[in-house]
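Fold and geometry: a report
One-letter residues, chain by chain:
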Amino acid sequence: MCLELALEGERLCKAGDCRAGVAFFQAAIKAGTDDLRTLSAIYSQLGNAYFYLGDYLKAMQYHKHDLTLARTMRDKLGEAKSSGNLGNTLKVMGKFDEAMICCKRHLEIAQELKDKLSEGRALYNLGNIYHAKGKHIGRTGEQDPGEFPEDVRSCLQQAVQYYEDNLQLMRELNETAAQGRACGNLGNTYYLLGNFKQAIHYHEERLKIAREFGDKAAERRANSNLGNSHIFLGEFESAADHYKRTLVLAQELGDRAVEAQACYSLGNTYTLLRDYSTAIDYHLRHLIIAQQLMDRVGEGRACWSLGNAHAATGNHEKALYFASKHLEISNELGDPMGQATAQMNVSDLRKTLGLPYEPTSGAEEDRPSPGMRRFRVRRQSMEELDLIQSEHLGDEESFFDLLSRFQSKRMDEQRCSLADDLLDLIVGMQSKRMDEQRVALPHLPGLHPPEVLQRLSLTDENEAPDDTFLEMLMRCQGSRLEDQRSTLPVDTEPEVEPCPPSRGPTVPDEDFFSLIMRLQSGRMEDQRASVPVRSVLAKSAVGGGGNRKEKKK
């Protein structure tokens, strides 16, 4: 009965119905089994299913059970897979150091077993962890790619090393699809390091492989990333060509949010090329889709851009209309920077038109700033956004096919600290002597009768288990416990902070947006206070902005 229920759970998960699959797996555990390998498979797939559903606490719990069982059975291959799965889960939780330890354990076992495919997955996962950690640390500042502090650069350089090792191994194994994933992530990482020419090299390789496999989603991402890299080199026409291809592919894929992002990027690129009429056309397309998708952040960005473009053409009436709409939306969202910028633009435009200054509402000063109200907009996946996108994980064996689809949908609800759960993981499994194992065996749900584990633990008494892995986890957790309790998971914002929503589903990442704004203004402080409206675009530092990046290189 347990096996039949588990097989049905597996079928449902592979068909994409993970919620129903979880119900069958839980029923299988309730039915119980004395077959440890069947139970291990159930734990692994339950962990994967909960991961897909975004319940990372439960995902960690079942991958922990799987790891415990694999170590108890002295199943090295099972320990490698469960360590990798646990590492991936910890990475998504923002527990990067613990994730590294788990995935390094996966790598160590794979190399010991001479399992090249498993070794490749471990290398790829380690690259992803260092890449994610670098981005996570880098988000605390306002640096452009290539301008991150040393601790961020160190993480990114480690990611490059693991990705390059993975790529070399995948070439040896003639695994072309895996080579494409490695090239995509190498392009993303070199982009963050400010090496845009190398980023372009790898994204072109990614594009070639995507076309070979007919993978339009990967082709779309590669074109978008190529556009972004060309922007930072000041090669705006090349960027526009890639963004146009991105737009066509987004339409073919029926992805309206990405279609809007491509229009937004094209609008800004044509602004940099000083083709304002074309820029206005693309920004209007972005605005329409943002309104249809009820993305107020994107709508505000579109109005901001439209106001700037109309001001550059001398159409101050339309510029004032869009600047006023930008102010209205910024007030609604509680975006202090947007409010300040829009208010200055409205004031300047009214002066230009000879109109008296009018507050946006009668008693604006008497009301608390919307920026102080609690407001949160769900942040979208970097896989769904157009800049620095990470490729899908390719671990088909340990994370079955449906999880590769999930990797484009980051879940950001996991806000609670997991330090205690990690300590439970360590305390529940760690022992230096077989006698200690006999005293306190871990509880494994679904194991009937539980004495099976007791009998198993009595075998091979002279062979002490390898505890280096768990000791490393304990030391790491002990040194970082307090930090982990205050650390948010990747890409989440504290709800109590009055920070403005920085992006919506139709807006690419903020570093690209800020670059565009700086290229369109003479000074950083001017850009923050007011996007210029009086002939600033006629003097925009397009060449200077691109050359600034070139000189840095």
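Residues numbered from 1 in each chain as written. Predicted model: local features only at pLDDT ≥ 70, side-chain atom pairs only at ≥ 80, totals over all residues. Heavy atoms only, no water.

In plain terms, the rule: UniProt positions are given in the numbering used here, feature names are shortened, and annotations may be inferred rather than shown by experiment.
Looking at an unreviewed UniProt entry, one finds the protein named G-protein-signaling modulator 2 and attributed to Timema cristinae. As recorded by UniProt, the Sequence similarities (unreviewed entry) comment attached to the protein reads in full: "Belongs to the GPSM family."

1. As for unusual backbone geometry
To keep it simple, the criterion reads: Here a helix means four or more residues in a row that DSSP labels H or I, a strand means two or more in a row labelled E, and each is numbered from the N terminus.
Even without being glycine, Arg 74 reaches a positive phi, approximately 55 degrees. Here Arg 74 is to be found in the loop between helix H4 (56–72) and helix H5 (76–92).

2. Quick word on the packing of helix H12 (residues 236–253) against helix H13 (residues 256–272)
What counts here: Angles here are taken between N-to-C directions and fall from 0 to 180 degrees, while the axes themselves are lines fitted to C-alpha atoms, restricted in helices to the stretch in contact. For classification, angles of less than 35 degrees are called roughly parallel, those exceeding 145 degrees roughly antiparallel, those between 65 and 115 degrees roughly perpendicular, and all remaining angles oblique. Handedness of a helix crossing follows the sense of rotation of the near helix relative to the far helix, less than a right angle counterclockwise being left-handed and clockwise being right-handed. Contacts were defined at the residue level, with two residues in contact if any of their heavy atoms lie within 4.5 Å.
As a packed pair, H12 and H13 sit with axes 9 Å apart at the nearest point and diverge in direction by 160 degrees. Considered as vectors, H12 and H13 are oriented roughly antiparallel to each other. The chirality of how H12 crosses H13 is left-handed. Together, Phe 236, Ala 239, Ala 240, Tyr 243, Lys 244, Thr 246, Leu 247, Ala 250 and Gln 251 of H12 and Val 258, Glu 259, Ala 262, Cys 263, Ser 265, Leu 266, Thr 269, Tyr 270 and Leu 272 of H13 make up the contact between the two elements.

3. Considering the nonpolar core
Stated formally: Put simply, a nonpolar core is a bunch of buried Ala, Val, Leu, Ile, Met, Phe, Trp, Tyr and Cys residues held in one set by side-chain atoms that sit within 4.5 Å of each other. Buried means the residue's accessible area, taken with a 1.4 Å probe over protein chains only, is under 20% of the maximum for its type, while exposed means over 50%, and partly exposed covers the values in between.
Membership of the largest hydrophobic core comes to 70 residues, with the highest contact counts inside it found for Ile 42, Tyr 43, Leu 46, Leu 69, Leu 90, Leu 186 and Tyr 190. With nine residues, the top contributor of residues to this core is helix H8 (residues 150–172). Judged by nonpolar contacts, the second largest core, of 13 residues, contains Ala 239, Ala 240, Leu 272 and Ala 279.

4. Looking at the environment of Gln 339
Here Gln 339 shows up in helix H17 (residues 336–352). Judged by its relative accessible area of 12%, Gln 339 is buried. The spacing of Gln 339 and Leu 327 is 12 residues in sequence and 5.6 Å in space, taken between C-alpha atoms.

5. Points about the packing of aromatic side chains
Note the cut-off: To pair, rings of Phe, Tyr and Trp, with the six-membered ring standing in for Trp, must have centres within 6.5 Å; the planes then decide the type, stacked if under 30 degrees apart, edge-to-face if over 60, and tilted in the middle.
Following the criterion strictly, the structure yields 11 aromatic pairs and no others. Ring geometry for Tyr 43 and Tyr 62: centres 6.2 Å apart, planes at 40 degrees, overall tilted. Residue Tyr 43 is located in helix H3 (residues 36–53), and its partner Tyr 62 is located in helix H4; the two are separated by 19 residues in the primary sequence. Across the pair, Tyr 62 and Tyr 43 agree in class, each one buried. On the basis of an interplanar angle of 0 degrees and a centroid distance of 5.8 Å, the ring pair of Tyr 190 and Tyr 202 is categorised as stacked. Here Tyr 190, found in helix H9 (residues 176–192), pairs with Tyr 202, found in helix H10 (residues 196–213); they are 12 residues apart in sequence, far enough to count as distant.

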